[in-house]
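Analysis of the macromolecular model
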Amino acid sequence: MALWLDYLRRAPLVVFLLLYTVITGGPFLWVAAMALRTTPEILDNPYALPIPPHWDKFVEAWTTSRYEIYFFNSLIVVAGAVVLVTLIGAMAAHCLSRYRFRGNRLARMIILSGMILPPQLMILSLFQILLQFGLYNTLAGLTLAYVATQLAMTVYILEGFFAQLPQDLFDAARMDGYSDFEIFWRITLPIGLPAVFTTVVLNFIILWNEFLYAIVLITEDDKRTLPLGIMHFMGSHQLDVGMIATGLMISMSPIIVLYALFSETLIKGMTAGAVR
Amino acid sequence: MVPASGEGSRGASRAAIAAFLVPALVIYAGFTFYPVLRTFYNSVHLFKGRNVEEFVGARNFLDILTQDPVFWKAVGNTATFTIVGTVADVLGGLLLALCLFTGTSLSRAMRVIWFTPVLMSYVVVGIIWVWLYDYDWGLINVLLRWIGLGTFEQSWLGDPHTALWAVLVTHLWKWLGFNMIVCLAALHALPGEVLGAAELDNCGWLAKLVYIIIPMLWPTLINLLVLSFIGKMMLFDLVWIMTGGGPLWSTETVSTYVYKRAFDWNTFDLGYPSAIAVLWSAMIVLFVALMTRLLRSRDRLEF
């Protein structure tokens, strides 16, 4: 068959592919453009390039629109939760994958059951419990709730990976007189680093975007995380489209950086549970 | 101590095992297991102010089922959203994957872009789409006017007839990339000669899809159906951000209703919404069990 005919047959497909690419990517470019334009400019014509770009809007968002507070609240909660869940999850995963003991299967079943429980079944009473212990409306309370929501998935991913590490490594380490904790800290963690890294990035993104737990457990403005902060700002400044767009860009920026650097890891990690 | 038999150092002291497992189990007990128990406890109680609870037995459940029209409205919306959304999600993801599978040189870059919405928060996605649906300057109405179909312009999120569908389109836009990637991975795992043989038999693409690709990808598709189903049955974030359940309860889902009853109604009664949560979680578990049973029992193509 002539080459040009082949191209002609594939043209509709290529057009469709490009169209869908525009549909998925376009809205983000639109927001990026609006983030650099003032609200009067946007209301005049929402679909124009940011000429001249107003970079100072980011300074304004950061200082006068309180995004600095929201950003750091998010950072504290998410970083804290990710560190904790990685450590606690890795310890549990190491134990479950490496040692034979009575109750291993039971412990694994209990911890992994967290993956299938709907959050609605916990969230209302979690509110009550945190209130009781003075953790309601605190970043610490939200952090602990986040550790609990991500624990099952973290253990699941890490355990699968740790179980494949060759047993000889551990036998050799024991011969050398390593204690159980040293084996975990100096063998399992360093060698399991790729899997640990995947869970860290995944948990970071999931928690950075989290909304349901945050809206139930935080109501004070000074404690709001970024998603709540933007919603709050939108509620009180409905028409300030330009500043909301700048806020959206601020909230997306860490994810854009992570995705740009580790797109393949992220795509694999996010979909690992469903591929069969 | 030298380990017995050839299985190596699979043993450890009780103290070490406890030290490794206790933190995880404590977190689980305090922030997962105890809250679940407490939700069950709440669901059979009526809260009369702080720390005053009255045992009411099954009354909350009876009230929900027999005299709560808003609950049934929410169930209807959630069911519509779930059924249409789940099918569209998985089928759409499969078709997109097939488009990319045929392979243009741009496929790799494209799948990275198509996956982007999956990683963005519901707040970001929701606000962007609220703007796209805006009556005056939203892209959808602007495009309609531009191609001369101005009569079809709508207040997409403001009209009770279109609001639920508008939210559904946004939800699909966010999640199609996820289903696409999973299907794509499954397609790449298929033995090439099967698709090649179909090519030789000269069967049409629809026949190829129905008789070869779907049966061969069935285990993956079941997974996607179940995941998509669970996600949509619990839909909260996107609705809360885009419409708050309105207008006129047209986008109220079970989850947004639970939230409203618990925190927006100022009754401080956690019992009634807890009962809804228990009821709805039971429904989800029941349907997931049913789905996996029914779908798995179908004859599978071995390869």
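Please read all numbers here as calculations on a predicted model, not as lab measurements. (Residues numbered from 1 in each chain as written. Chains lettered and ligands numbered in written order. Predicted model: local features only at pLDDT ≥ 70, side-chain atom pairs only at ≥ 80, totals over all residues.)

Structural notes on the overall build of chain B
Going by this rule: Secondary structure elements are defined from DSSP: runs of H or I of at least 4 residues count as helices, runs of E of at least 2 residues count as strands, and each element is numbered from the N terminus. Radius of gyration: over C-alpha atoms. The globule rule applied is 2.2 Å multiplied by the number of residues raised to the 0.38 power. The contact criterion used here is simple: two residues whose C-beta atoms, placed from the backbone, lie within 7 Å are in contact.
The number of helices and strands found in chain B is twelve helices and two strands. When its helices and strands are written in sequence order, chain B yields α-β-β-α-α-α-α-α-α-α-α-α-α-α. Taken over C-alpha atoms, the radius of gyration comes to 25 Å for chain B, far larger than the 19 Å a tight globule of 303 residues would show. Residue pairs at least 24 apart in sequence account for 71% of intrachain contacts in chain B once pairs closer than 6 positions are excluded.

Digging into the overall build of chain A
Rule in force here: Exposure classification rests on a simple neighbour count of other C-beta atoms within 10 Å of a residue's own: a residue reaching 20 or more is buried, one at 12 or fewer is exposed, and one in between is partly exposed. C-beta atoms are placed from the backbone.
Within chain A, the secondary structure is distributed over 13 helices and zero strands. Burial analysis of chain A (276 residues in total) assigns 45% to the buried set. At a minimum sequence separation of 6, the contacts of chain A that also span at least 24 residues come to 77%.

Brief notes about the nonpolar core
Just so we agree on the cut-off: By definition, a nonpolar core groups buried Ala, Val, Leu, Ile, Met, Phe, Trp, Tyr and Cys residues that connect through C-beta atoms lying within 7 Å of each other.
Ranked by size, the top nonpolar core spans 162 residues in total, and within it Ala92, Leu151 and Leu217 of chain A together with Ala24 and Ile276 of chain B carry the most contacts. By residue number, the principal contributor to this core is helix α4 (residues 67-98) of chain A, which donates 15 residues. Filtering out sequence-adjacent residues up to four positions away, Ala92 of chain A remains in contact with Ile111 and Val155 of chain A together with Phe20, Leu21 and Ala24 of chain B.

A short note on the interface of chain A and chain B
Operational definition: The classification used treats Ala, Val, Leu, Ile, Met, Phe, Trp, Tyr, Cys and Pro as nonpolar, Asp, Glu, Lys and Arg as charged, and all other residues, Gly among them, as polar.
If you look at the interface, chain A gives 68 residues, while chain B gives 68 residues. At the level of elements, α1 (3-35), α4, α5 (104-112), α6 (120-132), α7 (139-162), α8 (167-175), α12 (226-236) and α13 (241-271) of chain A are the ones that each hand at least two residues to the side of chain A that touches chain B. Counted by class, the side of chain A that touches chain B contains 49 nonpolar, 14 polar and five charged residues.

Comments concerning unusual backbone geometry
Following Ile51 of chain A, the chain continues into Pro52 of chain A via a peptide bond in cis, with omega recorded as -10°. For the peptide bond that leads from Gly246 of chain B to Pro247 of chain B, omega is -15°, which places it in the cis range. Along the chain, Pro247 of chain B turns up in the loop between α10 (237-242) and α11 (254-264). Unusually for a residue other than glycine, Asn137 of chain A sits at a positive phi of about 65°. As for its placement among the helices and strands, Asn137 of chain A is situated in the loop between α6 and α7. Even without being glycine, Leu248 of chain B reaches a positive phi, approximately 55°. Checked against the element boundaries, Leu248 of chain B lands in the loop between α10 and α11.

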